[in-house]
Amino acid sequence: MEFSKYDYTEEFLLKRIDEITSRQKMNNDRREALKKIFQSIDFTTLEAFDNAEKIDGFCEKAIAFSKTEPFLSLPSICIYSPFIRQAKAKLAGSGIHVATVACAFPSGQMPFDLKKKEVEYCVNEGADEVDMVISRGTFLAGRYDEVYDEIRAIRDICGKGVLLKVILEMGELKTVENIRKASEIAILAGADFIKTSTGKIAVAATPLAAVIMIDTIKEYFEATGKKVGFKPAGGLSTVDDALAYFYLVKDILGDEWLNSRYLRFGTSRLAEKVRDEIVG
């Protein structure tokens, strides 16, 4: 896949983002959009001080959303791998999946054999979804085949039963060309989702990176008929932040992507804000 449809200068993309956002704000019911956003949130805690007690409370909070107005359920929680089995037990019967991060999150700096063992552990513990980070150092060195091979191997370990989200960490990739190239590699290697960021560096998700990633998903779909999901994560602190990404996905990919199968938001602080605005 190569650039074919868009003038990928930053100036052009920023203008396009403004046009899309303005158009979608006018044409969408904000409350209905927020309902779809809430039902696509990966409710996330990835802190060094997470422990068993905190995870229990986090799971209880995730379940509680569906029992209070507006009675909407989250698709998943995202936690560190030592807590997978505990969370699976706590969430049993709720319909909420357990996602975890892998491949030496957030740095990606680990021998590949150990990365594979880490993912095997996650799958064996019962993870429903794995969010893996790519090796950005390897990518930036131009060793694209190695990046592809790593993702492909993790895809094989996950098999068909575990959803694979591939984190690009676009704040370290920086350029339009790098974000585009990494998106293509992840998709061709078998990613179910491409994800913007770990949320652990200063520059996390941005609409600019999102458009590049979403365009790549669209071109892949047009060429193959296969759908790949999109997940912005990191830096989503306001309801309008989430809506901006929702509008980009709706405008470029269409309504078929506006569900948790193909759209996720990586956040914890936004869930209550979105819920409160829906109710309010």
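Above this text sits the structure in question.
Predicted model, so just to flag it, every value in this text is computed and none were measured.

Turning our attention to the overall build of the chain. In terms of regular secondary structure, the chain is built from twelve helices and eight strands. Radius of gyration (C-alpha) of the chain: 18 Å, near the 19 Å computed for a compact globule of 280 residues. With the C-alpha coordinates aligned to their principal axes, the bounding extent of the chain is approximately 50 × 50 × 35 Å. Summarising the internal contacts of the chain: among those between residues at least 6 apart in sequence, 77% fall at separations of at least 24. Roughly 12100 Å² of accessible area belongs to the chain as shown, and the carbon and sulfur atoms make up 49% of that amount.

As a further point, take the packing of helix α2 (residues 30-38) against helix α11 (residues 239-252). Angle between the axes and distance between the axes are the two parameters that describe a pair of packed helices. The contact between α2 and α11 brings their axes to 10 Å, and the two run at 85°. Taken together, the axes of α2 and α11 lie roughly perpendicular to each other. Contacts between α2 and α11 involve R30, A33, L34, K36 and I37 from the first element and V239, D240, A242, L243 and F246 from the second.

Moving on, we get to the pattern of salt bridges. Tallied over the entire structure, the rule returns 29 salt bridges. A salt bridge links D240 to R30; its shortest N-O distance comes to 3.0 Å. Residue D240 is located in helix α11, and its partner R30 is located in helix α2; the two are separated by 210 residues in the primary sequence. Overall, the relative accessible area of 45% leaves D240 in the partly exposed class. Salt-bridge contacts for D42 lead to R264; the nearest nitrogen and oxygen are separated by 2.7 Å. Residue D42 is located in strand β1 (residues 41-44), and its partner R264 is located in the loop between α11 and β8 (265-267); the two are separated by 222 residues in the primary sequence. Shared partners join several salt bridges into a network, and the residues in it are D42, E129, D131, K165, K195, K231 and R264.

On to the environment of N124. Looking at where N124 falls in the secondary structure, it is placed in helix α5 (residues 112-125). Sequence separation between N124 and C158 is 34 residues, and the spatial gap between their C-alpha atoms is 9.8 Å.

Cut-off values and rules
- Residues numbered from 1 in each chain as written.
- Predicted model: local features only at pLDDT ≥ 70, side-chain atom pairs only at ≥ 80, totals over all residues.
- Heavy atoms only, no water.
- Helix = DSSP H or I, 4+ residues; strand = E, 2+ residues; numbered from the N terminus.
- Rg over C-alpha atoms; globule rule 2.2 N^0.38 Å.
- Contact = heavy atoms within 4.5 Å.
- Areas by Shrake-Rupley, 256 points an atom, 1.4 Å probe, with all protein chains shown as cover.
- Axes fitted to C-alpha atoms, helices over the stretch in contact; angles between N-to-C directions.
- Parallel < 35°, antiparallel > 145°, perpendicular 65-115°, else oblique.
- Salt bridge = Lys/Arg side-chain N within 4 Å of Asp/Glu carboxyl O.
- Buried < 20%, exposed > 50% of the residue type's maximum accessible area, 1.4 Å probe, protein only.

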